[in-house]
Amino acid sequence: MFRCCRRSVAAAVAAVLALAATPLPAAAPAATTSAGSPATPSTPRFGFGKPATPQEIAGWDIDVRPDGTGLPPGRGSVAQGQRVYDEKCASCHGTFGESNDYMAIAGGVGTLAGDAPIRTTGSKLNHATTLWDYINRAMPFNAPKTLTVEEVYALTAYVLHLNDLLPADATLDRDALLALRLPNRDGFTQDHGFMTRSGRPDTRNVACMTNCAAEVRLSSEMPEHARDAHGNLAEQVRDVGPLAGAKTAAAAPARGSLPAAGPDGGELAKGNGCTACHGTASKIVGPSFREIGGRYAGAAGAEATLAAKVRSGGVGAWGQVPMPPQPQVKEADVTAIVQWILGGAR
Amino acid sequence: MSSNRRPRRIVPAPEHPLAAPSSGRRGFLRRAAALSGGALAGGAGVAAAGAELARNLPPNVPEWSRTLGAPILASPYGVPSRFEANVRRRESPGLTRTPHSSVSFTPLQSLFGIVTPSGLHFERHHAGMPEVDPHQHRLMIHGMVRAPRIYSMEDLMRFPSVSRVHFIECGANTGMEWANVAVPTVQYTHGMLACSEWTGVPLSTLLDEAGYDRKARFVLAEGADGAGLTRTVSMAMALDDVLVVYGQNGEMLRPEQGYPLRLLVPGVQGVSSVKWLRRLEVGDQPWNTREESLHYVDLMPGGKHRQYTWIQEAKSVITTPSGGQVILDRGYHEITGLAWSGRGKVKRVDVSTDGGRNWRTARLQEPVHTKALTRFRLDWTWDGGPALLQSRCMDDTGYVQPTYRQLRAVRGTRSIYHNNAIQTWRVDPSGEVSNVQVL
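Conventions and cut-offs
Residues numbered from 1 in each chain as written. Chains lettered and ligands numbered in written order. Predicted model: local features only at pLDDT ≥ 70, side-chain atom pairs only at ≥ 80, totals over all residues. Heavy atoms only, no water. Helix = DSSP H or I, 4+ residues; strand = E, 2+ residues; numbered from the N terminus. Buried < 20%, exposed > 50% of the residue type's maximum accessible area, 1.4 Å probe, protein only. Contact = heavy atoms within 4.5 Å. Areas by Shrake-Rupley, 256 points an atom, 1.4 Å probe, with all protein chains shown as cover. Polar contact = N/O pair within 3.5 Å; in protein donor to acceptor, adjacent residues only side chain to side chain. Buried area = accessible area lost by both parts, 1.4 Å probe. Salt bridge = Lys/Arg side-chain N within 4 Å of Asp/Glu carboxyl O. Nonpolar A, V, L, I, M, F, W, Y, C, P; charged D, E, K, R; others polar. Pairing = 2+ DSSP bridges. Phe/Tyr/Trp six-rings, centres within 6.5 Å; stacked < 30°, edge-to-face > 60°. Disulfide = S-S within 2.5 Å. 1 Å grid on protein atoms, 1.4 Å probe; cavity = no way out; pocket = protein on both sides within 12 Å on 5 of 7 lines; lining within 4 Å. Points joined across faces, edges and corners; volume = space filled by probe spheres on them. Expected span 1.5 Å × (residues − 1). Arc of directions from axis to C-beta.

## Comments concerning the overall build of chain B
The number of helices and strands found in chain B is seven helices and 24 strands. Taking all 439 residues of chain B together, the buried fraction comes to 62%. Considering only residue pairs separated by 6 or more positions, chain B has 70% of its internal contacts joining residues 24 or more positions apart. By element, 55% of the accessible surface of chain B is carried by carbon and sulfur atoms, the whole surface being about 16300 Å².

The following block contains the structure:
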């Protein structure tokens, strides 16, 4: 079962303990090795898997630490960043980084101590390396990990420019990025009891049992106007049992009815990410599906027109926020979504 | 809500309607109407409802006793009864702008015991739910290790495995309630919470295999989703009880829960239990990732953020009766709920029905697991009057779940994360239960 035969006595003991019992700290070498000795057995106990080659690691090891570890060489300008941003980012984050209801990426510096903190990338972030890392790994939202190193530098530069941290004619490279000091650089603390299981709590309640409070004052309750904000609560409690649900809104379909089988156009729109920018009945970033349906329904060639817009993107029909091309959506899905929109998005 | 709403009563099933006293026929019809939710009006409708209800009741033989049922494999993987359609995950309207970076909540009000059915485990995705082919999924371990390795699922499932019961609670659970009541039911106040039996490999096994450097202090975990979500885990926890899991409640992980592989960091806020786990990097500093600097940091009065606030402190909530429910009759009711602590085991849960003036100690369902949901129960006789229900958890460190007053005194109301305050449900004389806060 075990391949190795040159283990130290300590490692052998640790291995036996690990086999014999849980929890496993007994196998933790820190407890069984002395200073200066290797932390773990020099030979794997099981040897499953395969060695990771430097090339394989390089392809996946994309994280960037605040000290610059992992940040590749490269450069990008604010101007270049603006071009990429307008094409791929502004539809969600707003032309000036004010956001279209997504997390804003600019503004709010100096508001965190007040009663109405404005939480943005600019007001919260402590290290520009984290911004670079996140854009590189997770943006654009619907096509992550598709930007080049230069584009990531350029976008980082442009976001920093939107936050008044770089001039419009600036170019950002590795050294310049690491030299930046962000406004909230010292805004974080690790002086709390939440990092370890034995950490010291910051509240000290006492388990009093009788006559614990002289007065109990109601400080907050659900306002009557919000009664139906989460739908009809009567339909959110099990149908059988000693408690019913409070009727807070008009009844939906009859009890026991099952959801319709198979995805419809609305479900496909959700599944393909269209609902990130389009609401069914309300404008988010782009127009609502019902607005679109209202404009195009009955028009000659409407289905082909809308399908082409989904494929290739567009700008101008509903304002100056461009819709990025969506070539990744399957042909059949495009057809079903467009038909659903033209049918009134019901 | 409004106190003039009349109590609704549990109406006994109309057994033996034909043998009832002379006034019984009319009484039976009224009861039948009540049972059908009062939706039908008029004599014909009531009569029809009565006949419909009586058809399957004694002394009549129910229709399902007189017919052949569905064959086996009618549903090869089984689904809940269609009468359970109300029990499902839900989203809180307006909470997020896109369903791809959003959350759905577990219906805690409808669950029994401590195990969350896998299909009801709350969802939290940061860039949607990827569909990962297990044959092409790999886990890479590198960094401060002597021998960086790559594992297939086949490799990982070959290691000695363990199964443990642990809760996962999102750090933002109850985050909408810091300043005031915001949502109506326990599904929305506490439903970013679930508990499963997880099966996988202790992370310590994999770290030993790779030969980690003893100067290492942290491990970075990274997901294979579009977000490439990354979180820093302390080496102390990694060597203690962190698991690399592929099993959940006897089956493989659900796609929503990271199929085919996720990290499971017991007692720590859910985001650290990285789903679709693809990479572990051993290092000597925390990574300050986006999910550790722009999000999942706790804003304190004065403007500083607490960073790396990992532990989920002791917390509890009554799930029955709870907000949005209606108690149908006076008399005996079981008050029941869930308690948990990220520092260890639940030691005791006390329950108050008068807003925290007086408390009684609840029964705990055994066995009590460490860093797991623990079911508590207390007998209660509702006299039809107003009541304020609270539960208060104490864990085996002696820590007692705080009140809102105590929590806000230290952390204000803007921190979003780690709200473990005592929850209050108000019982109205009408029987309706609602979400309130008391000071």
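Having put the structure on the table, let's press on.
## Focus on the side chain of Thr424(B)
Residues and elements named next belong to chain B. Looking at the secondary structure, you find Thr424 in strand E23 (residues 424-427). At 2.9 Å, the side chain of Thr424 forms a polar contact with the side chain of Gln390. Setting aside residues up to four positions removed in sequence, Thr424 forms contacts with Leu388, Leu389, Gln390, Ser434, Asn435, Val436 and Val438.

## Points about the interface of chain B and chain A
Where interface size is given, it is often the accessible area lost as the parts come together that is meant. With 140 residues of chain B in contact, the opposing surface of chain A contributes 119 residues. Carbon and sulfur atoms supply 55% of the area that chain B and chain A bury against each other, a total of about 11000 Å² over both sides. Area buried by chain B at its contact with chain A is led by Arg97(B), Leu294(B) and His305(B), which between them contribute 7% of it. For the pair chain B and chain A, the interface holds 11 salt bridges. Note that Glu222(B) and Arg137(A) form a salt bridge whose closest N and O atoms lie 2.7 Å from each other. Where chain B packs against chain A, one counts 66 residue pairs in polar contact (both at pLDDT 80 or more). Broken down by element, the residue count for the side of chain B that touches chain A peaks at five residues, all from helix H5 (residues 203-210) of chain B. Grouping the amino acids of the side of chain B that touches chain A by side-chain chemistry returns 57 nonpolar, 42 polar and 41 charged. By the bridge criterion, two bridges tie strand E1 (residues 50-51) of chain A to strand E4 (residues 149-152) of chain B in an arrangement that is antiparallel. Among the inter-strand pairings, Pro51(A) is bridged to a residue of E4(B), identified as Arg149(B).

## Digging into the packing of aromatic side chains
Using the criterion set out here, one finds 10 aromatic pairs over all chains in the structure. Consider the rings of Phe289(A) and Trp340(A), whose centres lie 5.2 Å apart with planes at 65°: the pair is edge-to-face. Linking Phe289(A) in helix H10 (residues 289-296) with Trp340(A) in helix H12 (residues 331-342), this pair joins segments that are 51 residues apart in sequence. For the pair Phe289(A) and Trp340(A), one class covers both residues: buried. Within the aromatic cluster, the residues linked to one another by ring pairs are Phe46(A), Phe48(A), Tyr151(B) and Phe159(B).

## Topic: the state of the cysteines
Here, the word disulfide means a covalent bond between the sulfur atoms of two cysteines. All names here are of chain A. The tally for this structure, following the rule as stated, stands at one disulfide over all chains. The disulfide bridge from Cys208 ends at Cys212, spanning 2.1 Å between sulfur atoms. Its torsion about the S-S bond being -95°, the disulfide of Cys208 and Cys212 is classed as left-handed.

## Side note on empty space enclosed by the protein
Residues and elements named next belong to chain B. Within this structure, the stated rule accounts for six cavities of 30 Å³ or more. Computed from the structure, the largest cavity encloses a volume of approximately 200 Å³. Taken together, 20 residues form the lining of the largest cavity, with Arg124, Arg262, Gly270, Val271 and Lys275 sitting closest to its centre. It is strand E2 (residues 123-125) that contributes the most residues to the lining of the largest cavity, three residues altogether. Across the lining of the largest cavity, the residue classes break down as eight nonpolar, six polar and six charged.

## Focus: H12(A)
Residues and elements named next belong to chain A. The first and last C-alpha atoms of H12 sit 17 Å apart over 12 residues, in line with the 16 Å expected at 1.5 Å per residue. The set of residues buried in H12 consists of Asp333, Val334, Ile337, Val338, Trp340 and Ile341. Mapping the buried residues of H12 onto a view down its axis gives an arc of 160°, with all of them on the same face. With respect to the buried face of H12, the exposed residues turned more than 90 degrees away are Glu331 and Ala332. Considering only its buried residues, H12 is in contact with helix H9 (265-271), H10 and helix H11 (302-312). At the exit of H12 stands Gly344, carrying a positive phi of roughly 100°.

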